[in-house]
Amino acid sequence: MSLIPSIFGNRSVFDPFSSDVWAPLGSSSNEVSTFASAQVDWKETREAHVFKADLPGLKKEEVKVEVEDGRVLQISGERSVEKEDKNDKWHRVERGRGKFVRRFRLPENAKIDQVKASMENGVLTVTVPKVEEKKPEVKSIQITG
């Protein structure tokens, strides 16, 4: 996976290493939610693909993890706007809010029927087990002579 942005423009949702498919939903303006820029790590171990998303302030009930179209992992949710008192005077609003969706194309070796997700301290962890690689059977041949 390249850490350098492609000179050929945006990468497709079908790119298994794509991590820039954030899309705010239902936005009434052209502003991109700062929450939409949250980061997701994707690592591959011998046993699984592991995704970790920083979602501070969200409860597990406010986040959805789905596999759609066969091999696309989708993480979505919404951070609601806090109730405002008309007497409050805001000096700065930096925390992102709004709906978000993030999609990753899973590789062929993913066991999509065994995906597990957990959330602890604002970090969502999604584990996608991998199909065991068949190791070629090796048979030793005795040398005579």
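Residues numbered from 1 in each chain as written. Predicted model: local features only at pLDDT ≥ 70, side-chain atom pairs only at ≥ 80, totals over all residues. Heavy atoms only, no water.

An unreviewed UniProt entry lists the chain under the name 18.1 kDa class I heat shock protein, from Citrus sinensis.

Trainee: Looking at this structure, I do not really get the overall build of the chain. What am I missing?
Mentor: Counting secondary structure elements, the chain contains 0 helices and 7 strands. Counting every position in the chain, which comprises 145 residues, the buried fraction comes to 28%. When the accessible surface of the chain is summed, it comes to about 11500 Å², and 49% of that surface belongs to carbon and sulfur atoms. (Helix = DSSP H or I, 4+ residues; strand = E, 2+ residues; numbered from the N terminus. Buried < 20%, exposed > 50% of the residue type's maximum accessible area, 1.4 Å probe, protein only. Areas by Shrake-Rupley, 256 points an atom, 1.4 Å probe, with all protein chains shown as cover.)

Trainee: Sorry, what's going on with the nonpolar core here?
Mentor: Among soluble globular proteins, nonpolar side chains are generally buried collectively. Judged by nonpolar contacts, the single largest core of 16 residues is most densely connected at Phe 51, Leu 55, Leu 124 and Val 126. Of all the secondary-structure elements, those providing two or more residues to this core are strand S1 (40–44), strand S2 (48–54), strand S4 (72–79), strand S5 (98–105) and strand S7 (123–129). It is S7 that contributes the most residues to this core, 3 residues altogether. Excluding residues within four positions of it along the chain, Val 126 makes contact with His 49, Val 50, Phe 51, Val 65, Leu 73, Ile 75, Val 115, Lys 116 and Ala 117. (Core = buried A, V, L, I, M, F, W, Y, C linked by side-chain atoms within 4.5 Å. Contact = heavy atoms within 4.5 Å.)

Trainee: What should I look at first to understand the packing of aromatic side chains in this one?
Mentor: Two descriptors summarise a pair of aromatic rings, namely the distance from one centre to the other and the angle between the planes of the rings. Evaluation of the coordinates by the stated rule reveals 3 aromatic pairs. For the ring pair Trp 42 and Phe 104, a centre distance of 5.8 Å and an interplane angle of 75 degrees mean the geometry is edge-to-face. Placement of Trp 42 in strand S1 and of Phe 104 in strand S5 is noted, with a sequence separation of 62 residues between them. A relative accessible area of 1% places Phe 104 in the buried class. Through a chain of ring-to-ring contacts, the aromatic side chains of Trp 42, Phe 51 and Phe 104 assemble into a single cluster. (Phe/Tyr/Trp six-rings, centres within 6.5 Å; stacked < 30°, edge-to-face > 60°.)

Trainee: Just to check I follow, could you spell out the pairing of S2 for this structure?
Mentor: Here is the key point about a regular strand: its side chains alternate between the two faces of the sheet. Counting buried residues along S2, 5 of its 7 residues qualify, which places the element largely inside the surrounding structure. Relative to S2, S1 runs antiparallel, the two sharing 5 bridges. What sits directly across from Asp 41, in S2, is Lys 52. Hairpin connection between S1 and S2: a loop of 3 residues separates the two successive antiparallel strands. Note: S2 against S7, 7 bridges, orientation antiparallel. In the strand pairing of S7, Lys 52 is matched with Thr 125. (Pairing = 2+ DSSP bridges.)

Trainee: Please clarify how the confidence of the model for the chain should be interpreted in this entry.
Mentor: Detailed reading of predicted coordinates is not advised where the pLDDT is low. Summing up the model confidence of the chain, the mean pLDDT is 77 and the portion of residues at 70 or higher is 74%. Under a pLDDT of 50 for its full length, residues 1–34 has, in the predicted model, 42 contacts with residues more than four places off or in other chains. (pLDDT = per-residue confidence, 0-100.)

Trainee: Please explain the sheet that holds S5 as it appears in this structure.
Mentor: As a general point, the strands of a sheet are linked pairwise by backbone hydrogen bonds and lie either parallel or antiparallel. Read across the open sheet, the 3 strands follow the order S3-S4-S5; overall the sheet is antiparallel. The open sheet has two edge strands, strand S3 (63–68) and S5, and neither has a second partner. On average, adjacent strands in this sheet sit at an angle of 15 degrees to one another, irrespective of strand direction. Pairing between S4 and S5: 8 bridges, direction antiparallel. Its bridge partner being in S5, Gln 74 is matched across the sheet by Arg 103. (Axes fitted to C-alpha atoms, helices over the stretch in contact; angles between N-to-C directions.)

Trainee: What is the right way to read the environment of Val 115 from this model?
Mentor: If you trace the backbone, Val 115 turns up in the loop between S5 and strand S6 (116–120). Note: C-alpha distance between Val 115 and Val 50 (65 residues apart in sequence) is 9.9 Å. Beyond its immediate sequence surroundings of up to four residues, Val 115 is in contact with Val 67, Val 126, Thr 127, Val 128 and Pro 129.

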